[in-house]
Amino acid sequence: MSLYTLLRPALFRLDPERAHHLAMAAGARAGVVAPLMRAVTAVDDPRLAVDVGGLRFPSPVGLSAGFDKNGEAVAALAGLGFGFVEIGSVSAEPSAGNPPPRLFRLPADRALVVAYGVPNEGAAAVAHRLAGTRLPVPLGINIVATNRGHGAPPIADDSLIAEYMHAARVLAPAADYLMFNLSCPNTTDGCDFFADPGRLDAWLTALDETPYAVRPSFLKVSPLGGVAMIERLLEVTGRHRKISGFMFNLPSGRRDGLVTPEAVWRGWPGAVSGPPSAALLDDCLVECFRRMDRGRYALFASGGVSSAEDVYAKIRKGASLVALLTALVYQGPGVVRRITRGLAELLARDGVKHVSEVVGADVR
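Residues numbered from 1 in each chain as written. Predicted model: local features only at pLDDT ≥ 70, side-chain atom pairs only at ≥ 80, totals over all residues. Heavy atoms only, no water.

(A) Representation of the sheet that holds strand 5 (residues 103–106) within the structure. In space, the three strands of this open sheet follow the order 5-6-11, with antiparallel pairing throughout. Only two strands of the sheet have a single neighbouring strand rather than two, namely strand 5 and strand 11 (271–273). Strand-to-strand, the axes of this sheet are offset by a mean angle of 25°, without reference to chain direction. One ladder, built from three bridges, connects strand 6 (residues 111–114) with strand 11; its direction is antiparallel. (Pairing = 2+ DSSP bridges. Helix = DSSP H or I, 4+ residues; strand = E, 2+ residues; numbered from the N terminus. Axes fitted to C-alpha atoms, helices over the stretch in contact; angles between N-to-C directions.)

(B) Representation of the packing of helix 7 (residues 197–209) against helix 8 (residues 226–237) within the structure. Helix 8 packs onto helix 7 with a crossing angle of 35° between their chain directions and a minimal axis gap of 10 Å. Classified by chirality, the crossing of helix 8 by helix 7 is right-handed. Of the residues in helix 8, those touching helix 7 at Pro197, Leu200, Asp201 and Leu204 are Arg232, Leu233, Val236 and Thr237. Class assignment of the residues belonging to the contact of helix 7 with helix 8 gives a composition of five nonpolar, one polar and two charged. (Left-handed = near helix turned anticlockwise from the far one by under 90°. Contact = heavy atoms within 4.5 Å. Nonpolar A, V, L, I, M, F, W, Y, C, P; charged D, E, K, R; others polar.)

(C) Highlighting the pairing of strand 4 (residues 85–90). For strand 4, the tally of buried residues reaches six of six residues, placing the bulk of the element in the interior. In this structure, strand 4 lies alongside strand 7 (residues 139–143), joined through four bridges in parallel fashion. From the neighbouring strand, Glu86 faces strand 7, where its bridge partner is Gly140. (Buried < 20%, exposed > 50% of the residue type's maximum accessible area, 1.4 Å probe, protein only.)

(D) Looking closely at the pairing of strand 7. Counting buried residues along strand 7, five of its five residues qualify, which places the element largely inside the surrounding structure. Every second residue of strand 7 is oriented toward a common face, with Leu139, Ile141 and Ile143 on one face and Gly140 and Asn142 on the other, all of them buried. Pairing of strand 7 with strand 8 (residues 177–181) involves four bridges; the strand directions are parallel. Paired with Ile141 across the two strands is Leu178, which belongs to strand 8. This β-α-β element, strand 7 to helix 6 (residues 157–171) to strand 8, shows right-handed connectivity. (Right-handed = clockwise from strand over helix to strand, strands pointing away.)

(E) Region of interest: the nonpolar core. Counting 105 residues, the largest nonpolar core has Ile141, Tyr164, Phe180, Trp203 and Leu219 as the members making the most contacts within it. If we skip the residues at most four places from it in the chain, Phe180 touches Ile143, Tyr164, Ala168, Trp203, Leu207, Tyr212, Ser217, Phe218, Leu219 and Lys220. Core analysis: the second largest hydrophobic core is formed by seven residues, Leu106, Ala111, Leu258 and Val272 among them. (Core = buried A, V, L, I, M, F, W, Y, C linked by side-chain atoms within 4.5 Å.)

(F) The arrangement of helix 2 (residues 16–29) in detail. Here helix 2 spans 20 Å end to end across 14 residues, near enough to the 20 Å set by a 1.5 Å rise per residue. Within helix 2, burial applies to Pro16, Glu17, Ala19, His20, Met24 and Gly27. Projection of helix 2 onto a plane perpendicular to its axis shows the buried side chains occupying an angular sector of 155°, all on one side. Between the side-chain oxygen of the N-cap and the backbone nitrogen of Glu17 there are 3.0 Å, and the N-cap of helix 2 in question is Asp15. (Expected span 1.5 Å × (residues − 1). Arc of directions from axis to C-beta. Polar contact = N/O pair within 3.5 Å; in protein donor to acceptor, adjacent residues only side chain to side chain.)

(G) Region of the structure containing the packing of aromatic side chains. One pass over the structure, following the stated rule, counts 15 aromatic pairs. Taking the centre distance of 5.9 Å and the plane angle of 80° together, the rings of Tyr164 and Phe194 count as edge-to-face. With a gap of 30 residues between them, Tyr164 in helix 6 and Phe194 in the loop between strand 8 and helix 7 connect regions that are remote in the sequence. No difference in accessibility class separates Tyr164 from Phe194, as the two residues are buried. Among the aromatic side chains, those forming a connected cluster through ring pairs are Phe57, Phe84, Tyr177, Phe218 and Phe300. Above the plane of the ring of Phe12 lies Arg8, whose end atom (NZ or CZ) is 5.5 Å from the centre. (Phe/Tyr/Trp six-rings, centres within 6.5 Å; stacked < 30°, edge-to-face > 60°. Lys NZ or Arg CZ within 6 Å of the ring centre and 35° of its normal.)

(H) A look at the packing of helix 8 against helix 10 (residues 278–291). The interhelical angle for the contact between helix 8 and helix 10, taken along N-to-C directions, is 45°, at an axis separation of 10 Å. As far as their axial angle goes, helix 10 and helix 8 are oblique. Between helix 8 and helix 10 the crossing geometry is right-handed. From helix 8, Val227, Ile230, Glu231 and Leu234 reach across to helix 10, where they touch Cys284, Glu287, Cys288 and Arg291. Of the residues assigned to the contact of helix 8 with helix 10, the class counts are five nonpolar, no polar and three charged. (Parallel < 35°, antiparallel > 145°, perpendicular 65-115°, else oblique.)

(I) Summary view of the pattern of salt bridges. Taken as a whole and assessed by the stated rule, the structure comprises 16 salt bridges. Of the charged contacts in the structure, one is a salt bridge between Asp282 and Lys317, with a shortest N-O distance of 3.2 Å. Remark: Lys317 occurs in the loop between helix 11 (308–316) and strand 13 (321–324) and Asp282 occurs in helix 10; sequence separation between them is 35 residues. Two residues, Asp362 and Arg316, come together in a salt bridge whose shortest N-O distance is 3.0 Å. One end of the pair, Asp362, is in the segment after helix 13 (335–349); the other, Arg316, is in helix 11, with 46 residues separating them in the sequence. (Salt bridge = Lys/Arg side-chain N within 4 Å of Asp/Glu carboxyl O.)

(J) Quick look at the side chain of Ser244. Of note, Ser244 is situated in strand 10 (residues 243–248). Residues within four places of Ser244 in sequence aside, it is in contact with Pro216, Ser217, Phe218, Arg296, Tyr297 and Ala298.

(K) A look at a nonpolar patch on the surface. Where nonpolar side chains cluster on the molecular surface, the patch consists of Leu3, Leu6 and Leu7 and spans about 320 Å² of accessible area. Relative to the helices and strands, Leu6 is located in helix 1 (residues 3–12). Given the relative accessible area of 53%, Leu6 is considered exposed. (Patch = residues over 30% accessible without salt bridge, like charges linked within 9 Å, V, L, I, M, F, W, Y side chains within 5 Å. Areas by Shrake-Rupley, 256 points an atom, 1.4 Å probe, with all protein chains shown as cover.)

(L) Fine view of unusual backbone geometry. Backbone torsion omega between Gly88 and Ser89 reads 10°, so that peptide bond is classified as cis. In this structure, Ser89 sits in strand 4. Cis geometry is found at the peptide bond from Pro100 to Pro101, where omega equals 0°. Topologically, Pro101 is positioned in the loop between strand 4 and strand 5. Of note, Arg110 is a non-glycine position whose phi angle comes to about 50°, a positive value. Position of Arg110 among the secondary structure elements: in the loop between strand 5 and strand 6. With a relative accessible area of 42%, Arg110 lands in the partly exposed category. Unusually for a residue other than glycine, Val118 sits at a positive phi of about 45°. Looking at where Val118 falls in the secondary structure, it is placed in the loop between strand 6 and helix 5 (123–130). Assessed through its relative accessible area of 10%, Val118 is described here as buried.

Below you can see the structure in the form of structure tokens.
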């Protein structure tokens, strides 16, 4: 039995957001011993190293944005053995996010309901904090539109686009890659903005014209809209030059297949993370991999990643990189090493010499 298993009942008696703040505070303090942590946790196996967008990832198993919103604990998070760490979402201007309560647990489903509304300190503060930071793994920064709260007047199209471009210029020097979040499921601004191909094209044109430190850039997009949405995304993106791949976001408002009775969660706002999100996100992963230019684009995957088998399945469905978050809440920090080591064992079991050999193996 792990230490986290013993501590979890006490942590789960706390408000979820309070528990998250405690975890972040502990991570910020643990940064000084991060190299020692990683010496113990990292799985050094050349079969797992991945090259995406000109970056070398020591393993495909990484941390999704949403855990460290402001880059406060990146050293300690890298010390857990992740192959990459993504922070944010970060907006051009600071935001308080949505009013609490805005984070809920569904233990029977090993899931969370997330309605944070991307609270963050803003691009300038986060860039300043991360200046000079060097991690043993790639650091991604997830960029989103500023959430000005319910009731705020709508922002003009060109102003919304300009916000993203400003954040990119400010944050790029601190990042190894940028992930542009175009479909945050629990804010109003920008949620459906990019469903319109003309607006997406205008955004990508602005990105092409925006000078920022050269970094691979990825789009995080809505999983709703089916194959038609994916085909529109690829058609519009294909006319532009800065995007190296895609990731699909949590679906807003979807509560399909939950074990937890509806009476528990009926009044909770937000999107469900964890295993209940897996099926839809996997469908998007497969359909995008089938249609995309595989020489140009790579896919990040997420949704219900709790085991090495989950990671392996997503890789075989087309993912080059796989991000987790909710599993940290239910299994603790040791889950990173268990999953990464388990993935190496699955490759050995199947006689796979390198993980890149099985990207999309179940789709082709």
